[in-house]
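Examination of the molecular architecture
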Amino acid sequence: MNRLNIEVYLPAMLKSFDVQIPADMKLSQITPLVSDALAQMSGELYSSDTSPILCNLEDGNILNINMTAWNLGLRNGSRLMLI
């Protein structure tokens, strides 16, 4: 399984985190994993939500949860935002 290193900005903390995600997994499965990982990396200052959403950090577009990270065009260094 190929993994991508991405940066996820968490506006609730005004901070970015580097995370690894599987390139061939659908975003509907990746989003809760990223949310849980950020909760742990923030020292539980961020509480993972029941319905987190990943967006493109540059333009704010919400990413399609039915597509894989690779098919969405995510690559190493992609910058996302978790809201």
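In short, a report on the structure. This is a predicted model, so every value here is computed, not measured.

Side chains of I53, I62 and I83 sit close together on the surface and give an oily, nonpolar patch of about 280 Å² of accessible area. Inspection of the secondary structure assignment puts I53 in the loop between α1 (27–41) and β3 (54–56). Taking the relative accessible area as the measure of exposure, I53 reaches 34% and is therefore partly exposed.

Time to look at the packing of aromatic side chains. Each aromatic ring pair is specified by the distance between its two centres and by the angle formed by the two planes. Summed over the entire model, instances satisfying the criterion amount to zero aromatic pairs. For R75, the ring lying beneath its charged end belongs to W70, and the centroid distance is 3.4 Å.

A separate point is the environment of N76. Along the chain, N76 turns up in the loop between β3 and β4 (79–82). With relative accessibility at 53%, the residue N76 sits in the exposed group. Taking the C-alpha atoms as reference points, N76 and R3, separated by 73 residues in sequence, lie 8.6 Å from one another. With residues near it in sequence (within four places) discarded, N76 still touches R3, L4 and N5. A polar side-chain atom of N76 sits 2.8 Å from the main-chain amide nitrogen of N5.

Looking at the element boundaries, T68 is found in the loop between β3 and β4. What makes T68 buried here is its relative accessible area of 16%. As for T68 and P32, which are separated by 36 residues in sequence, their C-alpha atoms are 14 Å apart. Setting aside its immediate chain neighbours within four residues, T68 contacts A23, D24, M25 and K26. One polar contact links the side chain of T68 to the main-chain amide nitrogen of N71, over a distance of 3.1 Å.

The sheet built from four strands is open, its strands ordered β2-β1-β4-β3 with mixed pairing. Lying at the two open borders of the sheet, with one neighbouring strand each, are β2 (15–22) and β3. Taking each pair of neighbouring strands and ignoring which way they run, the sheet shows an average axis angle of 40°. Across three bridges, the pairing between strand β1 (residues 3–10) and β4 is parallel. When the bridges of β4 are listed, V8 appears paired with L80. In the packing of α1 onto the sheet, contacts are made with β1, β2, β3 and β4, and the angle to β2 comes to roughly 135°.

Reading the values: rules and limits
Residues numbered from 1 in each chain as written. Predicted model: local features only at pLDDT ≥ 70, side-chain atom pairs only at ≥ 80, totals over all residues. Heavy atoms only, no water. Patch = residues over 30% accessible without salt bridge, like charges linked within 9 Å, V, L, I, M, F, W, Y side chains within 5 Å. Areas by Shrake-Rupley, 256 points an atom, 1.4 Å probe, with all protein chains shown as cover. Salt bridge = Lys/Arg side-chain N within 4 Å of Asp/Glu carboxyl O. Helix = DSSP H or I, 4+ residues; strand = E, 2+ residues; numbered from the N terminus. Buried < 20%, exposed > 50% of the residue type's maximum accessible area, 1.4 Å probe, protein only. Phe/Tyr/Trp six-rings, centres within 6.5 Å; stacked < 30°, edge-to-face > 60°. Lys NZ or Arg CZ within 6 Å of the ring centre and 35° of its normal. Contact = heavy atoms within 4.5 Å. Polar contact = N/O pair within 3.5 Å; in protein donor to acceptor, adjacent residues only side chain to side chain. Pairing = 2+ DSSP bridges. Axes fitted to C-alpha atoms, helices over the stretch in contact; angles between N-to-C directions.

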